Amino acid sequence: AESFTPPSISTAFLGGSLSARRPGGALVPGLRGGRGGGRMASSTNDWWGMHGKDKPIGFSAPPGTLEKEDQTVRQPLGRDSYVLVVGATRGLGLKWVEKLLEKGCSVVGTHRGSEVPGDLEALANKSERMQTLSMDVGDAESIKTAAAKMKDMIKAQGSQGFTHIIHNAGIYGPRDSFDGAERNGRQGNPAVTAGGMIETFTVNTVGPLLVAQAFTPLMCPPTEKHIPILSILTSKVGSVDDNTSGGAYAYRASKSALNNVAKSIHVDLYPSVTVVLLHPGYVKTDMTGGQGLIECDESVDGMLRALEATDRETPFRFVDFKACRIPW
């Protein structure tokens, strides 16, 4: 393997900011100071992996921190953007479609079943830049069929392919507990089962991997100014560092596994495609039973800022709608 000098992490904190430098002294983009009084990683390899000599593989936020990143627009979404939104029928997915159309993007929104749900169909009827596609991310054959249909659609349009894929689809799965007992202020939900774990992993972890396998070949070629972006909605619940309440075995584990799957996809596909993990926050949606701290508008606006702050120089990262990088 080609040898390289890892980036040096400056121990000087100026106004709470941490500076990271690549070999040769160039500042690494998108890294700012954070909470926790300046905790340092135990080694530079805890912070960065590198592609070749100077291309960042990923950023690892130090445990116990929520460092805010710089979100200067680096790759804006607009009329030249062609975006696939996976899971677009309601809540966050529907809001993604609305916001992207407002920016002038061409959008394909997926739905389960043969009938297009009413709210998604209404958006498609309003815009010539909107198309729909039937796909069930929990069904491998459905994913293959949808990708084959999409390949034909792209060819017929004379398009070079998607500039962005936003994987929003997911489920909470069974409301489970370790053994049915009440713990840590949580009610005694039924004990977690193998079936519940497998069902949740099928949709939340395997599904995004199969979608990436089938649809990243349909993304446009990278250019000097543009790199295709695969963004996957995950959850802070999947952070091992953040797990202080226990429970939620199926959902929590499926999102932790998804984070690792996404990292592998990034390592394998970069620099043809880059990957970013997005945490939407605790949003008032059907999944949360209408509970939550924020509305879909605020969540998607924040995730859009993170998406537009991503380019080929931006390392793989796990970032929330408030621009905070989340520890693994």
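Residues numbered from 1 in each chain as written. Predicted model: local features only at pLDDT ≥ 70, side-chain atom pairs only at ≥ 80, totals over all residues. Heavy atoms only, no water.

A. Structural context of the overall build of the chain. Within the chain, the regular secondary structure consists of 7 helices and 13 strands. The buried share of the chain, taken over its 328 residues, is 47%. In the chain, of all internal contacts separated by at least 6 residues, the share reaching a separation of at least 24 is 68%. Total accessible area on the chain is roughly 15200 Å²; 50% of this is exposed by carbon and sulfur atoms. (Helix = DSSP H or I, 4+ residues; strand = E, 2+ residues; numbered from the N terminus. Buried < 20%, exposed > 50% of the residue type's maximum accessible area, 1.4 Å probe, protein only. Contact = heavy atoms within 4.5 Å. Areas by Shrake-Rupley, 256 points an atom, 1.4 Å probe, with all protein chains shown as cover.)

B. The arrangement of unusual backbone geometry in detail. Here the residue pair Y270 and P271 is connected by a cis peptide bond, since its omega of 10° sits within 30 degrees of zero. By the element assignment, P271 lies in the loop between α6 (249-269) and β11 (274-279). In this model, A248 sits at a positive phi of 50°, which is unusual for a non-glycine residue. Along the polypeptide, A248 turns up in the loop between β10 (229-233) and α6. You can call A248 buried: its relative accessible area is 12%. One non-glycine residue, A323, lies in the positive phi region at around 75°. Tracing the sequence through the fold places A323 in the loop between β12 (318-320) and β13 (324-325).

C. Just the nonpolar core, in detail. With 34 residues, the main nonpolar core has V86, M135, M150, F162, I165, F215 and L230 as its most contacted residues. Contributions of two or more residues to this core are made by β6 (82-86), α4 (140-157), α5 (194-215), β10, α6 and β11. Considering every element that reaches this core, the biggest residue donor is α4, with 6 residues. Residues contacting F215, with those up to four places away along its chain left out, are L84, L133, M135, I143, A146, A147, M150, F162 and I165. Among the nonpolar cores identified, the runner-up in size contains 30 residues, and L94, L100, I229 and C296 belong to it. (Core = buried A, V, L, I, M, F, W, Y, C linked by side-chain atoms within 4.5 Å.)

D. Representation of the pairing of strand β7 (residues 106-111) within the structure. Where burial is concerned, most of β7 is hidden: 6 out of the 6 residues are buried. Relative to β7, β6 is paired through 4 bridges, and the arrangement is parallel. Its bridge partner lying in β7, V83 is registered against V107. Taken together, β6, helix α2 (residues 91-102) and β7 constitute a β-α-β crossover, and its handedness is right-handed. Across 5 bridges, the pairing between β7 and strand β8 (residues 130-134) is parallel. When the sheet's bridge partners are listed, V108 is paired in β8 with Q131. Taken together, β7, helix α3 (residues 118-126) and β8 form a β-α-β motif whose crossover is right-handed. (Pairing = 2+ DSSP bridges. Right-handed = clockwise from strand over helix to strand, strands pointing away.)

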